[in-house]
Amino acid sequence: MATRIDGKAIAEERTATIARETAELVAGHGVRPGLAVVIVGEDPASQVYVRNKQRTAERCGFKSVKHALPADVSQNELLGVIGDLNADDSIHGILVQLPLPDGLDETTITQAVLPAKDVDGFHYVNVGKLAAGAVADAFVPCTPAGCMLMIERELGKDLSGKSAVVIGRSNIVGKPMAALLLAANATVTVTHSRTSDLPDVARQADILVAAVGRPNMVGASWIKPGAIVIDVGINRIDVDEGGETRSRLTGDVDFDGAMEVAAAVTPVPGGVGPMTITMLMDNTLRAARLAHGIHA
Ligand code: NAD
């Protein structure tokens, strides 16, 4: 039976460290990290994510501000808000919650955030640094950064000789995940919706990362015995519980099946999700230190 990787516990531990380091930064240098979250419209899932991010920022001792804008805000108004936050010295990290409503161009908006405040790691300067292997210099997108931390805890920082398969090639998860694994010396294969014989490819992986958005797609037969399986997917499905239909979150991996074959598996919920928020705090603390020339 595999180990269930407790992302919630790892995230708690990391958040406590960030809170302690923040208190030291405030006491020693008078610098309090500031995180601004910009949310446009009323998407319920986005509201939940933003609330969780703000709550964690407050627990870390950060200054936390939220700009909630109506769904019909113009692109120029939104760019104006970002411009003000770019110029605000008390704000070190800016996060624009995605997806944005129709009519707003996500690329224009994410590229308007100063690279030094781009704690989501979406600005092309940070994307380029990561692609060039300058990981320590980049703000890395929070979800793959969190996955990497869990992989390191299982296998160490040097993944030489390990084969890694990433399912999904999005800019937010799949591609940066592959770049991080490559930077850690893994031999990386990126797969996607046009990949043939995906189960055969997946079965070669010592490290298998699923970031697709298809419930329970990765079955036990896709997993190499002893592999580390990281399930990024978040899918809402209806399940029958005692004759009642209930909505439940599930990942891209058949968790019970994977637990029979793998060495370690992340659950959904309680795996990658909590790590994502913690890495946002990690990036914000780092942005605050860098803005003031302070070394950790
Ligand atoms: P996306 O839709 O941008 O990308 C999905 C990728 O999956 C694409 O590259 C596509 O080629 C690939 N794909 C689709 N169908 C496939 C198939 N049948 N076989 C192989 N590959 C296939 O999604 P995303 O933003 O990368 O997110 C992926 C999943 O991760 C979603 O469920 C999302 O909700 C979740 N997610 C979770 C977190 C977290 O914090 N836990 C963060 C971001 C995304």
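Residues numbered from 1 in each chain as written. Predicted model: local features only at pLDDT ≥ 70, side-chain atom pairs only at ≥ 80, totals over all residues. Heavy atoms only, no water.

Peer 1: Can you help me understand the site of the ligand in this one?
Peer 2: In the vicinity of the ligand, 20 residues are found, and the nearest of them are Arg169, Ser170, Val232, Ile234 and Thr276. A distance of 2.5 Å separates an oxygen atom of the ligand from a polar side-chain atom of Ser170. Between an oxygen atom of the ligand and a main-chain N or O atom of Ser193, the distance comes to 3.2 Å. In terms of residues, the shell around the ligand owes the most to one element, helix α10 (residues 272-291), which gives three residues. (Near = heavy atom within 4 Å. Polar contact = N/O pair within 3.5 Å; in protein donor to acceptor, adjacent residues only side chain to side chain. Helix = DSSP H or I, 4+ residues; strand = E, 2+ residues; numbered from the N terminus.)

Peer 1: Can you walk me through the sheet that holds strand β2 (residues 34-40) in this structure?
Peer 2: Taken in spatial order, the three strands of this open sheet run β3-β2-β4, and their pairing is parallel. Where the open sheet ends on each side, the last strands, each with one partner, are β3 (63-69) and β4 (93-96). Strand-to-strand twist in this sheet, taken as the mean axis angle between neighbours without regard to direction, amounts to 15 degrees. Inspection of the sheet shows β2 paired to β4 by four bridges, in the parallel sense. From the neighbouring strand, Val38 faces β4, where its bridge partner is Val96. Together, β2, β3 and β4 form the strand contacts of helix α2 (residues 44-60), whose direction differs from that of β3 by roughly 160 degrees. The sheet contacts of helix α3 (residues 75-87) involve β2, β3 and β4, and relative to β2 the element is tilted by about 180 degrees. (Pairing = 2+ DSSP bridges. Axes fitted to C-alpha atoms, helices over the stretch in contact; angles between N-to-C directions. Contact = heavy atoms within 4.5 Å.)

Peer 1: How should I be thinking about the side chain of Asp252 in this particular structure?
Peer 2: Along the chain, Asp252 falls in the loop between β10 (244-250) and α9 (255-261). Of the side chains with opposite charge, Arg214 lies nearest to the buried Asp252, which makes no salt bridge, at 7.7 Å. Once residues lying within four places of it in the same chain are set aside, the contact partners of Asp252 are Ala210, Ala211, Val212, Gly213, Arg214, Pro215, Asn216, Met217, Val218, Asp231, Gly233 and Asn235. (Buried < 20%, exposed > 50% of the residue type's maximum accessible area, 1.4 Å probe, protein only. Lys, Arg positive; Asp, Glu negative; His and termini not counted. Salt bridge = Lys/Arg side-chain N within 4 Å of Asp/Glu carboxyl O.)

Peer 1: Just checking my understanding: could you explain helix α1 (residues 7-29) for this structure?
Peer 2: Note on helix geometry: an α-helix contains 3.6 residues per turn, so any two residues three or four positions apart are oriented the same way. The first and last C-alpha atoms of α1 sit 32 Å apart over 23 residues, in line with the 33 Å expected at 1.5 Å per residue. Of the surrounding elements, those touching the buried residues of α1 are α2, α6 (142-155) and α10. (Expected span 1.5 Å × (residues − 1).)

Peer 1: What exactly am I supposed to notice about the environment of Asn216 here?
Peer 2: Relative to the helices and strands, Asn216 resides in the loop between β7 (207-210) and β8 (228-231). A residue is classified by how much of its surface remains accessible, and Asn216, at 36% relative accessible area, is partly exposed. For the pair Asn216 and Gly226, spaced 10 residues apart in the sequence, the C-alpha separation amounts to 19 Å. Setting aside residues up to four positions removed in sequence, Asn216 forms contacts with Thr250, Gly251, Asp252, Val253 and Asp254.

Peer 1: How should I be thinking about the domain arrangement of the chain in this particular structure?
Peer 2: Segmentation of the chain into domains returns domain 1 (30-114) and domain 2 (142-273). In this structure, domain 1 and domain 2 have C-alpha centres spaced 29 Å apart. (Domains from an automatic or database assignment.)

Peer 1: How do you make sense of the sheet that holds β7 when you look at a structure like this?
Peer 2: Whether parallel or antiparallel, the strands of a sheet pair through hydrogen bonds between backbone atoms. Judged by pairing direction, the sheet is parallel, and its six strands sit side by side in the order β1-β11-β8-β7-β5-β6 without closing on themselves. Only two strands of the sheet have a single partner each, and these edge strands are β1 (3-4) and β6 (187-191). Direction of pairing for β1 relative to strand β11 (residues 264-265): parallel, over a ladder of two bridges. Paired with Thr3 across the two strands is Ala264, which belongs to β11. Contacting β7, β8 and β11, α6 runs over the sheet at an angle of about 165 degrees to β8. Together, β5 (163-167), β6 and β7 form the strand contacts of helix α7 (residues 174-183), whose direction differs from that of β5 by roughly 170 degrees.

Peer 1: Got a minute to help me understand the packing of α6 against α7 in this structure?
Peer 2: Between α6 and α7, whose axes approach to 9 Å, the crossing angle comes to 35 degrees. Along this stretch, α6 crosses α7, giving a crossing that reads as right-handed. The segment α6 lies against α7, with Pro144, Ala145, Cys147, Met148 and Ile151 engaging Pro176, Met177, Leu180 and Leu181. Within the contact of α6 with α7, the residues separate by chemical class into nine nonpolar, no polar and no charged. (Left-handed = near helix turned anticlockwise from the far one by under 90°. Nonpolar A, V, L, I, M, F, W, Y, C, P; charged D, E, K, R; others polar.)

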